[in-house]
Amino acid sequence: MSDAVTPAEGGRFDRLPAWLAPRDVELRGTGRRQLVEVTLLILAGLLLAIATVNDVVEQTHVNHRLNADLRTWRAYTGHDYKNVSTEQDLYGHTTKDVVCGNTTPGPPKERIQLCLQMTGPVIHGRRAARGGWYLPPRVEDAPAFRYGCFGTATPAQFCGKAATGAAESPEGASPEAGQ
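Source: prediction; values computed, not measured. Every chain is numbered independently, its residues counted from 1 as its sequence is written. Reporting in this predicted model follows two pLDDT cut-offs: at least 70 for local features of residues, and 80 or more for side-chain atom pairs to be given and counted; totals over whole chains, interfaces and linings ignore these cut-offs and use all residues. Calculated side-chain values reflect all of the structure's heavy atoms, with hydrogen atoms and water omitted.

**Student:** Got a minute to help me understand the packing of aromatic side chains in this structure?
**Tutor:** The geometry of an aromatic ring pair comes down to the distance between the two centres and the angle between the two planes. Here a Phe, Tyr or Trp ring, Trp counted by its six-membered ring, pairs with any other such ring whose centre lies within 6.5 Å, and the pair is stacked when the planes are under 30 degrees apart, edge-to-face when over 60, and tilted otherwise. One pass over the structure, following the stated rule, counts 2 aromatic pairs. Each ring, one from Trp73 and one from Tyr81, has its centre 6.1 Å from the other, and the planes form 40 degrees; the classification is tilted.

Printed below as a string of structure tokens:
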């Protein structure tokens, strides 16, 4: 051990290397290491502060968007239901959200539901409903259960097997007509 290292009380610091052990006096030198350490700590703190502010701002924008989605669903349907569900596109990092609610009064998901796909910015407290679909009672929102798709929700990726058949058959022709 060097002279600058404090003898440990009770052997608490015996396991530490000499350069990490507490000292009575600072070693001679230019202080360059301390300057680098302080700079790195300041940069780490700055990075954490920026990340925190970014997360708070992003969450505020998401909440604003979801409130606008609920307002839009209520305006389109004319129903002032409180139990309307919203789903965000968490994996694609887009602003496409889906809002579903009953078409007639009743407990959530116990009646036929109308789902609207919301996109774009919030303008005057609402967003644009670009498409949507209906869901039968007591089912989760999955493409296999969706029917009556309209707007941009008509491709098979949004509307299940029924939309695939409708998209492949010619306009006005029924699938039975060819048999």
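**Student:** I keep staring at the confidence of the model for the protein and nothing clicks. Help me out?
**Tutor:** Low pLDDT marks regions whose predicted coordinates should not be analysed in detail. Each residue carries a pLDDT score, the predictor's confidence in it, ranging from 0 to 100. A residue-level look at the protein finds 82% of positions with pLDDT of 70 or above and a mean pLDDT of 78. Under a pLDDT of 50 for its full length, residues 162-179 has, in the predicted model, 4 contacts with residues more than four places off or in other chains. The criterion used for residue contact is that any of the two residues' heavy atoms lie within 4.5 Å.

**Student:** Looking at this structure, I do not really get the nonpolar core. What am I missing?
**Tutor:** Nonpolar side chains in soluble globular proteins tend to be buried together. Counting 10 residues, the largest nonpolar core is built from Val98, Cys100, Cys115, Trp133, Leu135, Val139, Cys149, Ala153, Phe158 and Cys159. What is meant by a nonpolar core is a set of buried Ala, Val, Leu, Ile, Met, Phe, Trp, Tyr and Cys residues, joined one to another through side-chain atoms within 4.5 Å. Exposure categories follow from relative accessible area, calculated using a 1.4 Å probe and restricted to protein chains: below 20% of the type maximum is buried, above 50% is exposed, and the middle band is partly exposed. In terms of nonpolar packing, the next biggest core, distinct from the first, is built from 8 residues, Tyr81, Val84, Val99 and Met118 among them.

**Student:** So what exactly am I meant to see when it comes to the side chain of Gln113 here?
**Tutor:** Put simply, DSSP H or I for four residues or longer makes a helix, DSSP E for two residues or longer makes a strand, and each gets a number counted from the N terminus. Mapped onto the elements of the fold, Gln113 is located in strand β3 (residues 113-123). A residue is classified by how much of its surface remains accessible, and Gln113, at 3% relative accessible area, is buried. Residues contacting Gln113, with those up to four places away along its chain left out, are Cys100, Gly101, Asn102, Thr103, Trp133, Tyr134, Leu135, Pro136 and Val139.

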